[in-house]
Amino acid sequence: SQMMSITQVLLLLFLAIPRGSSGDVNRLLLDQLNQLGLVNLLEQATRPNVPRDLSNYDFIVVGSGASGSTLAARLSENPQWTVALLEAGGVENIAHHTPVFAGFLQETASNWGYKSVPQKLSCLGMNNHECALPRGKVLGGTSSINYMIYNRGNRRDFDGWAESGNPGWSYSEVLPYFLRSENAQLQGLEHSPYHNHSGPLSVEYVRFRTTLVDAFVEASVESGLPVTDYNGESQLGVSYVQATTRNGRRHSAYSAYIKPVRDLRSNLHVFTFARVTRVLIDEATKSAYGVEFHYKNRAFTFKARKEVILSAGTFNSPQLLMLSGIGPEDNLKAIGVPLVKALPVGRRMFDHMCHFGPTFVTNTTGQTTFTSRVTPAETLSYLLAGNPATRLSSIGGVEALAFLKTGRSDLPKDWPDIELIMVAGSLASDEGSGLKRGANFKDEIYDRMYRDLAQAQQDHFTLLVMQFHPKSVGRLWLRDRNPLSWPKIDPKYFVAEEDVEYLLDGIKASLRIIQMPAMQRIGARLLSKPVPGCEHLEFASDDYWRCSIRTLSYTLHHQVATCRMGPETDPTSVVNHQLKVHGLRRLRVVDTSVIPVPPTAHTNAAAFMIGEKAADMIRSEWK
């Protein structure tokens, strides 16, 4: 079989690699994995799905990420409806399916590769002060390159959406859609009303665990945090991470929703390498009637009998709206796009900013995730025996999450302000080859803070500190009307000074956890290498950490609100509660760009929910 031959190739490659410099090993392995992009040739040989110009479909879905794949799969359940799913990227390969390689994927063609405009107040440790903003360009979208963390959000998030003029989006109304998508294999939660066991998307605890995470969970409890199911009754507390994996392999939106059905449904047509360039709109009726796209350097048009649905993500959905004449009047006029409808597309963008650290060294051995430590025996066990508990099933080293309140918060006590993400590693885990480059960190950050850890194979772990409810608001706009250009993205991280203080609170909370007996037993102590650019400040003082926060600024794919949901009376909104673009017919946006405010979540889980809910709304309208 195709998968078996790829497996054999990978094994031969891995076993043939000379065990010299571990950095070289990682680079060579990644190159070989990329060559397994041969799956795209196999895909086109076995499924020669070449578009036919002027084809008609009932529904055209643009983008195959979590929302788009979910929506296309659900709409095509009706055999009377034809559905076209257009994806700008290609097909997943074995590198995508292997969770430990998550950090490498941001360097591949499966990432659009966006970067922010240079930042003045953040990302000072990045080349040209540009924050890397990864988005998936592959069947499965960002769910195929992310770190697979499954965190739905807080009930208060969704109740707030509903109270802001979005009926149908309260927690009690969206929970059934989270459940519909989920196939939970979570030991100890088999009878929880908050989990379902029959949906398409596999959710499981990561089976590979280090002693480092056991110590972190125990120390968190010693510090006063309860053990919790953060997708259950209460988020506050600590938990081993729940991940979108299946038997230790990534379970992307494509793997969960499209792959199982695409060969069984003649009414679902999936097109890869199809780059949509604009939505076709009848100006007289303000109705969307199709899309234009590029495929193999040729322009094609598809027409929609019922609806066009943009599920292209937080950056590409607003870009497509603006290229189609829907957006801020001043921006469209400046780039020469005729105005169809003036809406504040891209005028707001929120993101969860994260501090890459603190990093702590320990007295343990052999626990930290170094990709060069993956042995041929583990590779055989993972690939041939399907062992879900090897190091290859570690989701980029992420092992546990803790949800905290801070003293400065005015939010209710059951609504966390900060998340600690426990990672059994750092930039040293891949010898500076994958994550450092994908995140755009400067060489000096790696060389002066992490290189010694890698060379000594010193055990260590990192607590990434993430703020859930930032006040800083960014934006996105177009610099020209070339549909193949990147949008300009300015997250404006830390424009609101208060956001820095929340992250400082989170760093202090992480330092308190390290003082607990469980952490002291493994000798956990702060990595004593100062952050480049912050050496002039007293190490570990508040001002030092503020400098570190602005330097080691890291984002986790959680951008929202560029096509914000709200009533037409809300001048900041782009779509209504049915996700229909204000003032237009037969055009919806169905992805995380509609989320109105930053959620207490990692946005991938919500993207599946949005796709499920949109499918029901569309079915009820066209039944």
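This structure is a prediction, so every number in the text was calculated from the model and none was measured.

Conventions we followed
- Residues numbered from 1 in each chain as written.
- Predicted model: local features only at pLDDT ≥ 70, side-chain atom pairs only at ≥ 80, totals over all residues.
- Heavy atoms only, no water.
- Helix = DSSP H or I, 4+ residues; strand = E, 2+ residues; numbered from the N terminus.
- Rg over C-alpha atoms; globule rule 2.2 N^0.38 Å.
- Contact = heavy atoms within 4.5 Å.
- Areas by Shrake-Rupley, 256 points an atom, 1.4 Å probe, with all protein chains shown as cover.
- Lys, Arg positive; Asp, Glu negative; His and termini not counted.
- Charge placed at Lys NZ, Arg CZ, Asp CG, Glu CD.
- Pairing = 2+ DSSP bridges.
- Axes fitted to C-alpha atoms, helices over the stretch in contact; angles between N-to-C directions.
- Buried < 20%, exposed > 50% of the residue type's maximum accessible area, 1.4 Å probe, protein only.
- Parallel < 35°, antiparallel > 145°, perpendicular 65-115°, else oblique.
- 1 Å grid on protein atoms, 1.4 Å probe; cavity = no way out; pocket = protein on both sides within 12 Å on 5 of 7 lines; lining within 4 Å.
- Points joined across faces, edges and corners; volume = space filled by probe spheres on them.
- Nonpolar A, V, L, I, M, F, W, Y, C, P; charged D, E, K, R; others polar.
- Polar contact = N/O pair within 3.5 Å; in protein donor to acceptor, adjacent residues only side chain to side chain.
- Disulfide = S-S within 2.5 Å.
- Right-handed = clockwise from strand over helix to strand, strands pointing away.

Q: Give a detailed account of the overall build of the chain, specifying residues and quantitative values.
A: For the chain, the count of helices and strands is 18 helices and 26 strands. For the chain, the C-alpha radius of gyration of 23 Å lies close to 25 Å, the compact-globule estimate for 623 residues. A separation of at least 24 residues holds for 73% of the contacts in the chain among residues at least 6 apart in sequence. Element-wise, carbon and sulfur atoms account for 51% of the exposed surface of the chain, whose accessible area totals about 21,800 Å². Within the chain, one finds 64 positive and 60 negative side-chain charges whose respective centroids are separated by 6 Å.

Q: Break down the sheet that holds strand β5 (residues 182–185) for me, with residues and values.
A: The strand order β5-β6-β8 describes an open sheet built from three strands, whose pairing is mixed. Strand pairing shows two members of the sheet lacking a second neighbour, β5 and β8 (242–243), which therefore form its edges. One ladder, built from four bridges, connects β5 with strand β6 (residues 201–205); its direction is parallel. Across the sheet, the residue bridging to Glu 182 is Leu 201, located in β6. Helix α7 (residues 171–181) rests against β5 and β6 of the sheet, and its axis sits at about 65 degrees to β5.

Q: For unusual backbone geometry, give the residues involved together with the corresponding values.
A: The peptide bond linking Gly 357 to Pro 358 adopts the cis configuration, its omega dihedral lying at 15 degrees. Non-glycine residue Leu 54 carries a positive phi angle of around 65 degrees. As for its position among the elements, Leu 54 is in the loop between α3 (38–46) and β1 (55–62). Residues other than glycine seldom take positive phi values, yet His 129 does so here, at roughly 55 degrees. Judged by relative accessible area, His 129 falls into the partly exposed class, the value being 29%.

Q: So what's going on with the packing of α7 against helix α18 (residues 603–622)? Residues and values would help.
A: Packing of α7 against α18 brings their axes to within 8 Å, and their N-to-C directions diverge by 105 degrees. With respect to α18, the element α7 is oriented roughly perpendicular. Contacts between α7 and α18 involve Val 174, Tyr 177, Phe 178, Arg 180 and Ser 181 on the former and, on the latter, Ala 605, Ala 606, Phe 608, Met 609, Glu 612, Lys 613, Asp 616 and Arg 619.

Q: Quick rundown of helix α10 (residues 313–323)? Include the residues and the values.
A: Counted residue by residue, α10 has eleven buried out of eleven residues, so it is predominantly covered. Buried residues of α10: Gly 313, Thr 314, Phe 315, Asn 316, Ser 317, Pro 318, Gln 319, Leu 320, Leu 321, Met 322 and Leu 323, and no others. Remark: Gly 325 follows α10 within two positions and exhibits a positive phi of approximately 90 degrees.

Q: I'd like to hear about helix α17 (residues 542–551), residue by residue, with values.
A: In terms of burial, α17 is largely enclosed, as seven of its ten residues are buried. Those residues of α17 that sit buried are Tyr 544, Trp 545, Cys 547, Ser 548, Ile 549, Arg 550 and Thr 551. Each element contacted by the buried residues of α17 is listed here: β17 (353–355), α14 (443–456), α15 (497–514), β24 (525–526) and β25 (553–555).

Q: Can you explain the layout of surface pockets? Please cite residues and give values.
A: Looking at the largest pocket, its volume works out to about 440 Å³. Contributing to the lining of the largest pocket are 26 residues, with Trp 415, His 469, Pro 470, Val 597 and Pro 598 lying nearest its centre. The set of elements that each furnish at least two residues to the lining of the largest pocket consists of α6 (155–163) and α15. Among the elements that make up the lining of the largest pocket, the one with the highest residue count is α6 (four residues). Of the residues belonging to the lining of the largest pocket, the class tally is ten nonpolar, seven polar and nine charged.

Q: Hey, could you go over the side chain of Gln 467 for me, with residue numbers and the actual values?
A: Assignment of secondary structure puts Gln 467 in strand β21 (residues 460–467). Here Gln 467 falls in the buried class, since its relative accessible area comes to 2%. At 3.1 Å, the side chain of Gln 467 forms a polar contact with the side chain of Asp 499. Among all residues touching Gln 467, those that are not within four sequence positions of it are His 352, Met 353, Asp 417, Ile 418, Asp 499, Tyr 502 and Leu 503.

Q: Quick rundown of the state of the cysteines? Include the residues and the values.
A: Scanning the model with the defined rule gives two disulfides in all. A disulfide bridge connects Cys 123 with Cys 131, and the sulfur atoms are separated by 2.1 Å. Sign of the S-S torsion, about 110 degrees for the bond between Cys 123 and Cys 131, identifies this disulfide as right-handed. Across the disulfide from Cys 534 sits Cys 547; the S-S distance is 2.0 Å. Its S-S torsion of approximately -85 degrees makes the covalent link between Cys 534 and Cys 547 left-handed. A residue pair is termed long-range when its members are at least 10 positions apart, and Cys 534 in the loop between β24 and α17 and Cys 547 in helix α17 qualify at 13 residues. In this pair, the class of Cys 534 matches that of Cys 547, namely buried. Distance from the sulfur of Cys 354, which forms no disulfide, to the nearest cysteine sulfur (Cys 123) is 11 Å. In this structure Cys 354 comes out as buried when scored by relative accessible area, which is 0%.

Q: How would you summarise the pairing of β1 if you had to cite specific residues and measurements?
A: Taken across its eight residues, β1 has seven buried, putting it largely inside the fold. As paired strands, β1 and strand β14 (residues 298–310) are joined by seven bridges and run parallel to one another. Opposite Ser 55, over in β14, you have Phe 302 as the bridge partner. Pairing analysis gives four bridges linking β1 to strand β2 (residues 83–86), with the strands arranged parallel. When the sheet's bridge partners are listed, Ile 60 is paired in β2 with Ala 84. A crossover connection joins β1 to the parallel β2 through helix α4 (residues 66–75); in handedness this β-α-β unit is right-handed.

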